[in-house]
Structure formats: C-alpha cells, structure tokens
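What follows is the residue order along each chain.
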Amino acid sequence: MSETQTPVEEMSFEQAMAELERVVDQLERGDVALDDSIALYERGAALKKRCEDELKRAEEKVAAITLDASGTPTGTQPLDAG
C-alpha cells in the first residue's frame, strides 16, 4: 500500500507527485497483491488528477509580462487560457 494516507485533496503538487511516483514504482515491480494493486491504482488515479488540477490552477495564475519597445517590463497581463 502507499506509504502515506494523507487525503489527496490536502496534498501539495510536490507531495502528490512524489507519492504518485512511489505508486507507479510499486505497480511496475508487480510484487503487490491484487487487492493492494487495485487500491494503489485508484490512489494513483486520484494523485494524477490532483497533479493535473494543481498544474491547471498554476497555469491560470501565470501572467505574461508586457514589455515596451525598449524591452522594459511595463506590467502584466493574464495568460490567455483560450
């Protein structure tokens, strides 16, 4: 089983990614009982979604720096998500 039982929705991106890597390693080794493999797969799917959601949230916060003709930053403009 996974080393941590922290609820996925409470994990930071880094925590979720690290645990997802551990889950994948365990599943790839193939030395886990079937029931545990199913539980690991389900946790891995939740961790993957958490990582994707956190990346999307970060992308939405990214701002493009606007520059004037001389290349000096003049401000920011929200990232066009479309």
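Nothing here was measured: the structure is a model prediction, and the numbers come from that model.

Q: Help me out: how do you make sense of the overall build of the protein chain in this one?
A: Of regular secondary structure, the protein chain possesses two helices and two strands. Starting at the N terminus, the α and β elements of the protein chain follow one another as α-α-β-β. Across the 82 residues that make up the protein chain, the buried fraction comes to 21%. Within the protein chain, counting contacts between residues at least 6 apart in sequence, those at least 24 apart form 48% of the total. Of the roughly 6,100 Å² of accessible surface on the protein chain, a fraction of 54% belongs to carbon and sulfur atoms.

Q: What exactly am I supposed to notice about the environment of Gln5 here?
A: Within the secondary structure, Gln5 is located in the segment before helix H1 (13–29). Owing to a relative accessible area of 57%, Gln5 belongs among the exposed residues under this scheme.

Q: Explain the nonpolar core here, please?
A: Proteins that are soluble and globular tend to have nonpolar side chains buried together. Membership of the largest hydrophobic core is limited to nine residues, which are Val8, Met11, Ala16, Leu20, Val23, Val32, Leu40, Leu47 and Cys51. Going through the elements one at a time, H1 and helix H2 (34–61) are the ones with two or more residues in this core. Look past the residues within four positions of Leu20 in its chain and what remains in contact with it is Gly44, Leu47 and Lys48.

Q: Could you clarify how one ought to interpret the environment of Ser37 in this entry?
A: Take Ser37: it is sitting in helix H2. For Ser37, the contacting residues outside a window of four places in its chain are Leu27 and Val32. At a separation of 3.3 Å, a polar atom in the side chain of Ser37 contacts the main-chain carbonyl oxygen of Val32.

Q: Sorry, what's going on with the pattern of salt bridges here?
A: Once their charged atoms are close, side chains differing in charge can pair, the charge on each being opposite to the other. Inspection of the entire model under this criterion finds six salt bridges. In this structure, the salt-bridge partner of Glu19 is Arg43, at a minimum N-O distance of 2.7 Å. Pair noted here: Glu19 is in helix H1 and Arg43 is in helix H2, with a separation of 24 residues, a long-range link. The class for Glu19 is buried, based on a relative accessible area of 0%. Among the charged side chains, a network of salt bridges with common partners joins Arg50, Glu54 and Arg57.

Q: It is not clear to me how H1 should be interpreted in this structure. Could you clarify?
A: The α-helix winds at 3.6 residues per turn, so residues separated by three or four positions along the chain end up facing the same way. Helix length check: H1, at 17 residues, gives a terminal C-alpha distance of 24 Å against a target of 24 Å (1.5 Å per residue), a fit within 8%. Three or more residues of H1 are buried, namely Ala16, Glu19, Leu20, Val23 and Gln26. Projected down its long axis, H1 shows its buried positions confined to an angular sector of 125°, all on one face. Turned more than 90 degrees away from the buried face of H1 sit Glu14, Glu28 and Arg29, all of them exposed. Gly30 occupies a position one or two residues after H1 and carries a positive phi of about 75°.

Cut-offs and rules
Residues numbered from 1 in each chain as written. Predicted model: local features only at pLDDT ≥ 70, side-chain atom pairs only at ≥ 80, totals over all residues. Heavy atoms only, no water. Helix = DSSP H or I, 4+ residues; strand = E, 2+ residues; numbered from the N terminus. Buried < 20%, exposed > 50% of the residue type's maximum accessible area, 1.4 Å probe, protein only. Contact = heavy atoms within 4.5 Å. Areas by Shrake-Rupley, 256 points an atom, 1.4 Å probe, with all protein chains shown as cover. Core = buried A, V, L, I, M, F, W, Y, C linked by side-chain atoms within 4.5 Å. Polar contact = N/O pair within 3.5 Å; in protein donor to acceptor, adjacent residues only side chain to side chain. Salt bridge = Lys/Arg side-chain N within 4 Å of Asp/Glu carboxyl O. Expected span 1.5 Å × (residues − 1). Arc of directions from axis to C-beta.

Keep in mind these numbers describe shape, not what the thing actually does.
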